[in-house]
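# A look at the structure
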Amino acid sequence: RVTLVLRDGDGDDAETSASVSIEVTLLPANQPPVLGDGYQNYALPNAEAGSSYHLQLPADLFRDPEGEALSWSLSGLPAGLRFDAESRTLSGTAPRQMGDLQLTLSVTDASGKTAQLELVLQVDNAEPIADLQFELAAAEAGADYSAVLPADLFTDANDSQLTWAVVELPEW
């Protein structure tokens with residue numbers, strides 16, 4: 001509590017002065033954003049090489065102690081992946097190269113205080129994809145049969161060398 005006394009300079013009595021008491025609250029200095037409760041071990045879901053990836057980060061992943069709005073950014077993204085700060089969404093196509101991507105999530109409050117979280121996006125091997133439109137030619141009973149399978153019958157999102165094997169042949 002602070003008391004402010006105003007005097008007109010002609011004296012020191014109640015008629016030539018006025019006072020007012022003011023309640024003053026000292027606020028602590030602005031604090032940076034903090035990781036939200038329950039997110040101490042937050043990790044990104046794995047991605048599959050060359051495949052579509054979509055993830056919206058939780059709105060409460062970070063919070064500001066003073067309740068200020070937060071701006072989000074994500075650095076370290078490879079070509080093909082993008083981050084929409086407005087919706088907190090990471091999306092696009094994961095790289096064909098398998099391994100760990102080191103990403104940095106930054107949040108900044110309206111006063112310019114920043115917090116960061118180091119994240120790892122693990123890019124795993126994707127399963128080969130078969131051309132489901134391919135059909136073998138009809139076979140005639142008792143006749144020899146052969147078929148040549150097209151080289152692109154199977155594709156691999158991360159361009160791994162594929163090994164072919166024929167299984168479950170009929171017992172003729």
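Everything below is about the structure printed above this text.
Each value, and the rule that gives it
Residues numbered from 1 in each chain as written. Predicted model: local features only at pLDDT ≥ 70, side-chain atom pairs only at ≥ 80, totals over all residues. Heavy atoms only, no water. Helix = DSSP H or I, 4+ residues; strand = E, 2+ residues; numbered from the N terminus. Rg over C-alpha atoms; globule rule 2.2 N^0.38 Å. Buried < 20%, exposed > 50% of the residue type's maximum accessible area, 1.4 Å probe, protein only. Pairing = 2+ DSSP bridges. Axes fitted to C-alpha atoms, helices over the stretch in contact; angles between N-to-C directions. Phe/Tyr/Trp six-rings, centres within 6.5 Å; stacked < 30°, edge-to-face > 60°. Patch = residues over 30% accessible without salt bridge, like charges linked within 9 Å, V, L, I, M, F, W, Y side chains within 5 Å. Areas by Shrake-Rupley, 256 points an atom, 1.4 Å probe, with all protein chains shown as cover. Salt bridge = Lys/Arg side-chain N within 4 Å of Asp/Glu carboxyl O. Core = buried A, V, L, I, M, F, W, Y, C linked by side-chain atoms within 4.5 Å. Contact = heavy atoms within 4.5 Å. Polar contact = N/O pair within 3.5 Å; in protein donor to acceptor, adjacent residues only side chain to side chain.

## Re the overall build of the protein
- Looking only at helices and strands, one finds zero helices and 13 strands in the protein.
- Along the protein, helices and strands appear, N-terminal first, in the series β-β-β-β-β-β-β-β-β-β-β-β-β.
- For a compact globule of 172 residues, the expected C-alpha radius of gyration is about 16 Å, and the protein comes in at 33 Å, more than 25% above that figure.
- With the principal axes as the frame, the protein shows a C-alpha extent of 130 × 25 × 25 Å.
- A total of 172 residues make up the protein; the buried ones form 26% of that total.

## Observations regarding the pairing of strand β5 (residues 52-56)
- Burial along β5 is one-sided: the residues Y53 and L55 are buried and none of S52, H54 and Q56 is.
- Bridge analysis of β5 against strand β9 (residues 89-93) gives five bridges, and the strand direction is antiparallel. From the neighbouring strand, Q56 faces β9, where its bridge partner is T89.

## Focus on the sheet that holds β9
- The strand order across the open sheet formed by three strands is β5-β9-β8, and the pairing between neighbours is antiparallel. The outermost strands of the open sheet, each flanked by one partner alone, are β5 and β8 (81-84). For this sheet, the mean inter-axis angle between neighbouring strands, taken without regard to orientation, is 10°.

## Description of the packing of aromatic side chains
- Evaluation of the coordinates by the stated rule reveals three aromatic pairs.
- When the centroid spacing of 5.9 Å and the interplanar angle of 75° are considered together, the rings of Y39 and Y42 count as edge-to-face. When sorted by exposure, Y39 lands in the same class as Y42, which is buried.
- Look at F62 and W72: their rings are 6.2 Å apart centre to centre, the planes differ by 80°, and that puts the pair in the edge-to-face class.

## So, the sheet that holds strand β4 (residues 47-48)
- Pairing is mixed in the open sheet, where four strands are placed in the order β4-β11-β10-β7. At either end of the open sheet lies a strand with only one pairing partner, and these are β4 and β7 (70-75).
- Two strands pair when backbone bridges link them, and β7 and strand β10 (residues 99-109) are joined in this way by six bridges, in the antiparallel orientation. Within β10, the position partnered with S75 by the bridge is T104.

## Quick look at a nonpolar patch on the surface
- On the surface, a cluster of nonpolar side chains totalling about 640 Å² of accessible area is made up of V2, L4, L6, V20, I22, V24 and L26.
- Among the secondary structure elements, those contributing two or more residues to the nonpolar patch are β1 (2-7) and β2 (17-22).
- For the nonpolar patch, the element with the most residues is β1, which contributes three residues.
- Note that L26 resides in the loop between β2 and β3 (34-35).
- When its relative accessible area of 76% is taken as the criterion, L26 is described as exposed.

## What about the nonpolar core?
- Y42, L44, L57, L61 and L105 are the most contacted members of the largest nonpolar core, which totals 25 residues.
- Ranked by the residues each element gives to this core, the list is headed by strand β11 (residues 114-124), at five residues.
- Those residues in contact with L57, other than ones at most four positions away along the chain, are Y42, L44, W72, F83, R88 and L105.

## Concerning the environment of N30
- Following the sequence through the fold, N30 ends up in the loop between β2 and β3.
- Separated by 79 residues in the primary sequence, N30 and D109 have C-alpha atoms spaced 9.5 Å apart.
- Those residues in contact with N30 that lie beyond four places of it in its chain are E66, E68, D109, S111 and K113.
- Within the local environment of N30, its side chain forms a polar contact with the side chain of D109, the two groups lying 3.1 Å apart.

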